[in-house]
Amino acid sequence: MKNVLNYINGEYLPPVADRWIDNYNPSSGEVYGQIPDSDKEDVALAYQAAKEAFSSWSNTTLEERSQILLKISQLILDNLDELAKAETLDNGKPISLSKNVDIPRAASNFSFFAKAITQFASEAHESVGLQAMNYTMRQPIGVVGCISPWNLPLYLFTWKIAPALAAGNCVVAKPSEVTPMTAYLLGKICNEAGLPKGVLNIVNGLGHTTGQAIVDHPNIKAISFTGGTKTGAQIAKLAAPMFKKLSLELGGKNPNIIFSDCNYEEMLQTTVRSSFANQGQICLCGSRIFVEKPIYEKFKKDFVEAVSMLKIGNPFNTDSDLGALVSKEHLEKVKSYIESAKDFGGEILFGGKTVNVANHENGYYLQPTIIEVKSNQCKLNQEEIFGPVVTIMPFDSEEEVLEMANDVSYGLSATLWTQNLDRTMRMTKRLQAGIVWVNTWVLRDLRTPFGGVKSSGVGREGGFEALRFFTEPKNICIKYQE
Ligand code: TXE
């Protein structure tokens, strides 16, 4: 059994109430360890440790802070194999993805913010003629809360923690109860890198208990959350009367818009990835594919053929393109969407069935699934499925596809495939999304603002946006005599 403990004040501790939750291996469906079922008392301990560490951490020089974060980044890379294996075991994602994307990105999150903090600056405003000078101080908030989901476990956990720490805050963090293992291993790395005790504290447990206790804590003044839209709404409701700063990165139902003049081969290859990478469990996946009529039939045929070549299997096999979905509950949820397709005239062009993987018969495997739909108004196009399921639909004009792309409650990202510059300019301006990719997908530059509009969230992460979120601006106005 591989058990997880809380990481508080630099030490690994069992939960105060000694209650535990089973942790499943999604590729086999077996319990392989236990994690703390923490409650308010554990969060209180974590808060206390963070509070005590704050005065010293917020006064370290930027150089010192930066060096420690760079060391954490390096140690993540030094332990890449162990972390990648742990991520795949916990989440079910292909090992190639853990090794090449998730863990290297976790290292980059630390190295990026280690450097960004040394370049972060604030403004000065001279009140000309009034003999006064204003400058803005950007001070760390204090103790902040970071709550992350299961789809990109260490990747998203560190995406929040790294800027929070870089800005001089102390953190109480909670990884998803479904995928706690790499966050657990990060504690050891932080100790080895010399991160002072209490600066980062990790409490494990369920959302409505441990997560809620973090949001509810009166002295944890900011919450950075990534997860489902419903959960985001609950967090906002609880945090608003306490006037907490909130950054909410929520779901998506992203359009992938394909015009006939696109670079076809590149579009096809990328669309396979943007549809099914990580079993479709990425908030940025292009789950609604709209194809211009002249190439619709050709695309349908080629896309089905390309997807039929994808290999679903044990995520530890290096040639598996798709591994297991994260949990039994999630598999059931995704299946129920597929089963509902026929209710509104959807036609399954490929997939739709669970997959039996040899020696892993109880794992949560599902075929990549393509459903042709008749209307953008159907449930499959309006609700986030968050699994290996995409819909496809033809369109006639720019105006029509724009209307369909925007006619959804979400607004995280959009992808556009065209060689026409004028069309690119017209459409990128009008697409309701926080991020628009043109002729590419998830090409990330960590300096750019990341987040969504409408039900996809509030606020932006990434670059200086994240450092602004994790600091409070203070205006200092000095009057002087001439
Ligand atoms: O996420 P939750 P779930 C979407 C996706 C998925 C749906 C539900 O559509 O099917 O959300 O997934 C913690 N107070 N995304 O239920 O519950 C929880 O413990 C404080 C999109 O697994 O939102 C975990 O650490 N915290 C998404 C984190 O919130 C709470 C990624 C996310 O879990 C809490 C994941 C509460 N009341 C799911 N309730 C994306 N944007 O990438 C739960 N949590």
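Residues numbered from 1 in each chain as written. Predicted model: local features only at pLDDT ≥ 70, side-chain atom pairs only at ≥ 80, totals over all residues. Heavy atoms only, no water.

(A) Summary view of the sheet that holds strand E19 (residues 435–438). Within the open sheet, the 7 strands sit side by side as E14-E15-E16-E13-E12-E18-E19. Their pairing is mixed. Because the sheet does not close on itself, it has two edges, and the strands there are strand E14 (347–350) and E19. Within this sheet the neighbouring strands show an average axis-to-axis angle of 25°, counted without direction. Examined bridge by bridge, strand E18 (residues 413–417) and E19 share 4 bridges and lie parallel to one another. Looking across to E19, one finds that Ser-413 is bridged to Ile-435. Strand contacts of helix H10 (residues 293–308): strand E12 (255–258), strand E13 (288–292), E14, strand E15 (369–372) and strand E16 (389–395), with the helix running at about 135° to E13, the strand carrying the most contacts. (Pairing = 2+ DSSP bridges. Helix = DSSP H or I, 4+ residues; strand = E, 2+ residues; numbered from the N terminus. Axes fitted to C-alpha atoms, helices over the stretch in contact; angles between N-to-C directions. Contact = heavy atoms within 4.5 Å.)

(B) Fine view of the packing of helix H3 (residues 80–91) against helix H4 (residues 95–119). Following both chains from N to C, one finds H3 and H4 inclined at 115°, their axes separated by 9 Å at the closest point. H4 is crossed by H3, and the crossing has right-handed handedness. Side by side, H3 and H4 meet where Leu-80, Asp-81, Leu-83, Ala-84, Lys-85, Glu-87 and Thr-88 of the first sit next to Ile-95, Ser-98, Lys-99, Ile-103 and Pro-104 of the second. Its residues assigned to classes, the contact of H3 with H4 comprises 6 nonpolar, 2 polar and 4 charged. (Left-handed = near helix turned anticlockwise from the far one by under 90°. Nonpolar A, V, L, I, M, F, W, Y, C, P; charged D, E, K, R; others polar.)

(C) Focus on the pattern of salt bridges. Throughout the structure, instances matching the rule amount to 19 salt bridges. Among the charged side chains, a network of salt bridges with common partners joins Asp-261, Glu-398, Arg-423 and Arg-426. (Salt bridge = Lys/Arg side-chain N within 4 Å of Asp/Glu carboxyl O.)

(D) Quick look at the sheet that holds strand E5 (residues 124–127). With antiparallel pairing, the 3 strands of this open sheet are ordered in space as E5-E6-E22. Every interior strand has two partners, whereas the edge strands, E5 and strand E22 (471–479), have only one. Averaged over all adjacent pairs, the angle separating strand axes in this sheet is 20°, with direction ignored. Pairing of E5 with strand E6 (residues 132–140), which is carried by 4 bridges, proceeds in the antiparallel orientation. Bridge pairing in E6 links His-125 to Asn-134.

(E) Main features of the site of the ligand. Among the 27 residues in the neighbourhood of the ligand, the closest are listed as Trp-150, Lys-174, Glu-177, Lys-333 and Glu-384. Within the side chain of Trp-150, a nitrogen or oxygen atom sits 2.6 Å from an oxygen atom of the ligand. In isolation the ligand has 820 Å² of accessible area, and contact with the protein removes 86% of it. Counting residues per element, the shell around the ligand draws most heavily on helix H7 (residues 207–216), at 4 residues. Looking at side-chain class alone, the shell around the ligand contains 10 nonpolar, 12 polar and 5 charged residues. (Near = heavy atom within 4 Å. Polar contact = N/O pair within 3.5 Å; in protein donor to acceptor, adjacent residues only side chain to side chain. Areas by Shrake-Rupley, 256 points an atom, 1.4 Å probe, with all protein chains shown as cover.)

(F) Region of interest: the packing of aromatic side chains. Per the stated rule, a full pass over the model turns up 11 aromatic pairs. Pairing Phe-112 with Phe-113 gives two aromatic rings, centres 4.9 Å apart and planes at 90°, and the pair type is edge-to-face. Judged by relative accessible area, Phe-113 falls into the buried class, the value being 1%. Ring geometry for Phe-113 and Trp-159: centres 5.9 Å apart, planes at 55°, overall tilted. Highlighted residues: Phe-113 in helix H4 and Trp-159 in helix H5 (residues 153–166), separated in sequence by 46 residues. Neither Phe-113 nor Trp-159 differs from the other in exposure class; each is buried. Counting every residue linked through ring pairs, the aromatic cluster contains Phe-112, Phe-113, Trp-159 and Phe-450. (Phe/Tyr/Trp six-rings, centres within 6.5 Å; stacked < 30°, edge-to-face > 60°. Buried < 20%, exposed > 50% of the residue type's maximum accessible area, 1.4 Å probe, protein only.)

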